[in-house]
Amino acid sequence: MITMDEIERQIINEFQQLSTIDEKYFHLFELGDSLPIMEASLKNDTNLVQSCQSMLWFHISSRDGFLYLEADSDSMVIKGISALVARLVEGHKPEEVSRVNFDFLDKIGLWKMASQSNPGLNAMLEHLHQHASAAIE
Amino acid sequence: MDKLSYRMINIGTAPAGLLGLAELFEELYQSGTTSMDANLNEKLVLGVRKHNFVPKSAISDYAAALIREYSVFYKARTGGKAIVARDYGQWEGRPRENIPWFPIVSADLCDGCGACLEICPKEVFEKEGSKVIVIEPFLCIVGCCFCKSACKPKAILMPNREMLDSYRLNMK
């Protein structure tokens, strides 16, 4: 099983192959578009990521003790980031997911210090941690 | 008649596309109009009206926006910078300037923290006094709204994705 650190390195490497900001963004948007369509019933208040200025839904499910994330957003950039987060979370234990952070986003060459004090990302992370912690209990 | 320049600027809280702005600014500059000219707002609004519709109810918003834009132009021009039409590229086959996708910063809500400046990989924003303003709207990456998510006082307004989808549909 590939570790979360390895997935982060894969993502960083993938973005580093792209030379311009526009190419990186295009790739991010494509990743967002490639997310499976989220069922309308899952776009409920429980799955709505609070405090994120865009509409963002995270549905975290558990199968055989491993977590999976489905996501959708009305924002292309947030959806793209969600696709990266879904990749990171997929098939990992709640204990690992509850410790995840978004520091890798600072290394993909799109934003300076994206993970630092960004209310939208903090809201995503908090939602993820809460649901992962609940899955441990 | 030569083709007039086209540019979008923020008027109040909404974007508006204007014809002939570059030509007007150059004409005013050549005639010696400074950014502190007592009649600047009148000259700008009258000039813009030659090629654009300016609603009476929005004259003061237009004047404020045009003075802001002319001040930036004037500062660059007097500083020796060549003012050349910038190529903003295309978005899905259309000139980028024709796609109204860029942030609008509410001066009332902006606390000048600069989080948007930090997060934006392009040079869309600039600090002006204690506020942040949008100086290069068409450098904004179509579809991106990350600055909005970074803005704690929620001062940034972005178009929604449906608008882009409409453009895509209409282009087919």
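A brief report on the enclosed structure follows. (Residues numbered from 1 in each chain as written. Chains lettered and ligands numbered in written order. Predicted model: local features only at pLDDT ≥ 70, side-chain atom pairs only at ≥ 80, totals over all residues.)

1. Regarding the overall build of chain A
For step 1, the next point in the chain: On a plain count of helices and strands, chain A comes out with five helices and two strands.
For step 2, the next point in the chain: Seen in sequence order, chain A has helices and strands lined up from the N terminus as α-α-β-β-α-α-α.
For step 3, the next point in the chain: In terms of overall size, chain A behaves like a compact globule, its C-alpha atoms giving a radius of gyration of 14 Å where 137 residues would be expected to give roughly 14 Å.
For step 4, the next point in the chain: Referenced to the eigenvectors of the C-alpha coordinate spread, the extents of chain A come out at roughly 45 × 30 × 30 Å.
For step 5, the next point in the chain: Split into buried and exposed, the 137 residues of chain A put 35% on the buried side.
For step 6, the next point in the chain: Long-range contacts, defined here as pairs at least 24 residues apart, represent 60% of the contacts in chain A between residues at least 6 apart. (Helix = DSSP H or I, 4+ residues; strand = E, 2+ residues; numbered from the N terminus. Rg over C-alpha atoms; globule rule 2.2 N^0.38 Å. Buried ≥ 20, exposed ≤ 12 C-beta atoms within 10 Å, placed from the backbone. Contact = placed C-beta atoms within 7 Å.)

2. Topic: the overall build of chain B
For step 1, the next point in the chain: Tallying secondary structure elements over chain B gives six helices and eight strands in all.
For step 2, the next point in the chain: Seen in sequence order, chain B has helices and strands lined up from the N terminus as β-β-α-α-α-β-β-β-α-β-β-α-β-α.
For step 3, the next point in the chain: Against the globule reference of 16 Å for 172 residues, chain B gives a C-alpha radius of gyration of 16 Å, in line with a compact fold.
For step 4, the next point in the chain: Structurally, chain B occupies a C-alpha span of about 45 × 40 × 35 Å along its principal axes.
For step 5, the next point in the chain: Of all 172 residues assigned to chain B, the portion counted as buried reaches 28%.
For step 6, the next point in the chain: Contacts spanning at least 24 positions in sequence make up 56% of the contacts within chain B whose residues lie at least 6 apart.

3. Overview of the interface of chain A and chain B
For step 1, the next point in the chain: Each partner contributes residues to the interface: chain A has 20 residues there, and chain B has 16 residues.
For step 2, the next point in the chain: Within the residue set of the side of chain A that touches chain B, elements represented by two or more residues are helix H2 (21-33), helix H3 (76-89) and helix H5 (119-136) of chain A.
For step 3, the next point in the chain: Counting residues per element, the side of chain A that touches chain B draws most heavily on H2(A), which supplies four residues.
For step 4, the next point in the chain: Looking at the side of chain A that touches chain B, its residues break down into twelve nonpolar, five polar and three charged. (Nonpolar A, V, L, I, M, F, W, Y, C, P; charged D, E, K, R; others polar.)

4. Observations concerning the packing of H2(A) against H3(A)
All names here are of chain A.
For step 1, the next point in the chain: Where H2 contacts H3, the two axes come as close as 7 Å, and the packing angle between them is 75°. For the element pair H2 / H3, the angle class is roughly perpendicular. Across from Leu 28, Phe 29, Leu 31 and Gly 32 in H2, the residues of H3 making contact are Met 76, Val 77, Lys 79, Gly 80, Ser 82, Ala 83 and Leu 84.
For step 2, the next point in the chain: Within the contact of H2 with H3, the residues separate by chemical class into seven nonpolar, three polar and one charged. (Axes fitted to C-alpha atoms, helices over the stretch in contact; angles between N-to-C directions. Parallel < 35°, antiparallel > 145°, perpendicular 65-115°, else oblique.)

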